[in-house]
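# Observations on chain architecture
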Amino acid sequence: MVPDRSDYLAGGYWLFFDADLNAIEMGAFIDGTDYPADFTSNLPVTGTATYRGRAGGLYVAAAGSDTLSPGATELGEYEGRAGLTADFGTMRIHGLVDQVQTFNVVGQHANGVPHVNPYLEDANMEMMLGPVSINQNGTFWGSNVEFTSDEYTITSSTGSWAGQFSNVADRQGNPRAAAGTNAGFFETAGGSRVGLTGAFYGATERFE
């Protein structure tokens, strides 16, 4: 079977650093033939669908007293497993990004010594994408992102996420995929601070 190269999903993230202002700007995007601005497919009126896929992006962090190197700062990439559950009866969707790992990390310890780690390392945190409403045009968004961790005591977290369903149905009549972007920030009891932004996607795995 010859693959249809016009049927694609693309996602990514970018960073802009202004050395004069000592400021960082991060962003993410998702695009594909299944995700037009003028969504025309009819969404199901009943039933649920589970979407499983991947998430990834950029993060910046400042280490607090609950880390091995208080005062260190770093910038890197992250990746994880994305899972979304849609209920078309109530027109709600929620999700979770877990098994998060960081890589391509560059930073500096408090004493000025640089550090680099290109390898995958467990981030010991999860990102919960809280329930939000699904609009009739197949989009969804909300500002109820929450972070949890088994290793760190997270004292505050905030963020937003948004996405869109594919306008192609799977064999069950549900949108075959969902994709979007997210951003978030959290702080721990030890004063560690982390901000991130990225993209995610998931599919029902009921299509070829």
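Let me sum up the structure you'll find in this document. (Residues numbered from 1 in each chain as written. Predicted model: local features only at pLDDT ≥ 70, side-chain atom pairs only at ≥ 80, totals over all residues. Heavy atoms only, no water.)

## Points about the pattern of salt bridges
This model, assessed by the stated rule, comprises three salt bridges. Here Arg54 and Glu79 are joined by a salt bridge, their closest N and O atoms 3.9 Å apart. Taken together, the positions of Arg54 in strand E3 (residues 48-62) and Glu79 in strand E4 (residues 73-87) put the pair 25 residues apart, joining distant regions of the chain. Given the relative accessible area of 26%, Glu79 is considered partly exposed. Between Asp98 and Arg81 there is a salt bridge, with its nearest N and O atoms 2.8 Å apart. Taken as a pair, Asp98 in strand E5 (residues 92-108) and Arg81 in strand E4 lie far apart in primary sequence, 17 residues in all. (Salt bridge = Lys/Arg side-chain N within 4 Å of Asp/Glu carboxyl O. Helix = DSSP H or I, 4+ residues; strand = E, 2+ residues; numbered from the N terminus. Buried < 20%, exposed > 50% of the residue type's maximum accessible area, 1.4 Å probe, protein only.)

## Observations concerning a nonpolar patch on the surface
Taken together, Trp14, Phe16 and Phe29 make up a surface patch of nonpolar side chains, about 320 Å² in accessible area. Its location among the elements puts Phe29 in strand E2 (residues 23-32). For Phe29, a relative accessible area of 40% gives the class partly exposed. (Patch = residues over 30% accessible without salt bridge, like charges linked within 9 Å, V, L, I, M, F, W, Y side chains within 5 Å. Areas by Shrake-Rupley, 256 points an atom, 1.4 Å probe, with all protein chains shown as cover.)

## A look at the environment of Met127
Structurally, Met127 can be placed in strand E8 (residues 126-133). In sequence terms Met127 and Asn104 are 23 residues apart; their C-alpha atoms lie 20 Å from each other. In this structure Met127 touches Tyr78, Gly95, Leu96, Val97, Val145, Glu146, Phe147, Asn182 and Leu196, once residues within four positions along its chain are discounted. (Contact = heavy atoms within 4.5 Å.)

## Considering the side chain of Thr197
With respect to the helices and strands, the residue Thr197 is situated in strand E13 (residues 193-203). If we ignore the near neighbours within four places in the chain, the residues touching Thr197 are Met26, Gly27, Ala28, Gly57, Leu58, Tyr78, Asn182 and Ala183.

## Topic: unusual backbone geometry
Of note in this structure, Gln99 is not a glycine but carries a positive phi near 50°. The residue Gln99 is located in strand E5 in this model. A positive phi angle is found at Asn124, which is not glycine, with a value near 55°. Within the secondary structure, Asn124 is located in the loop between strand E7 (121-122) and E8. We classify Asn124 as partly exposed; its relative accessible area is 35%.

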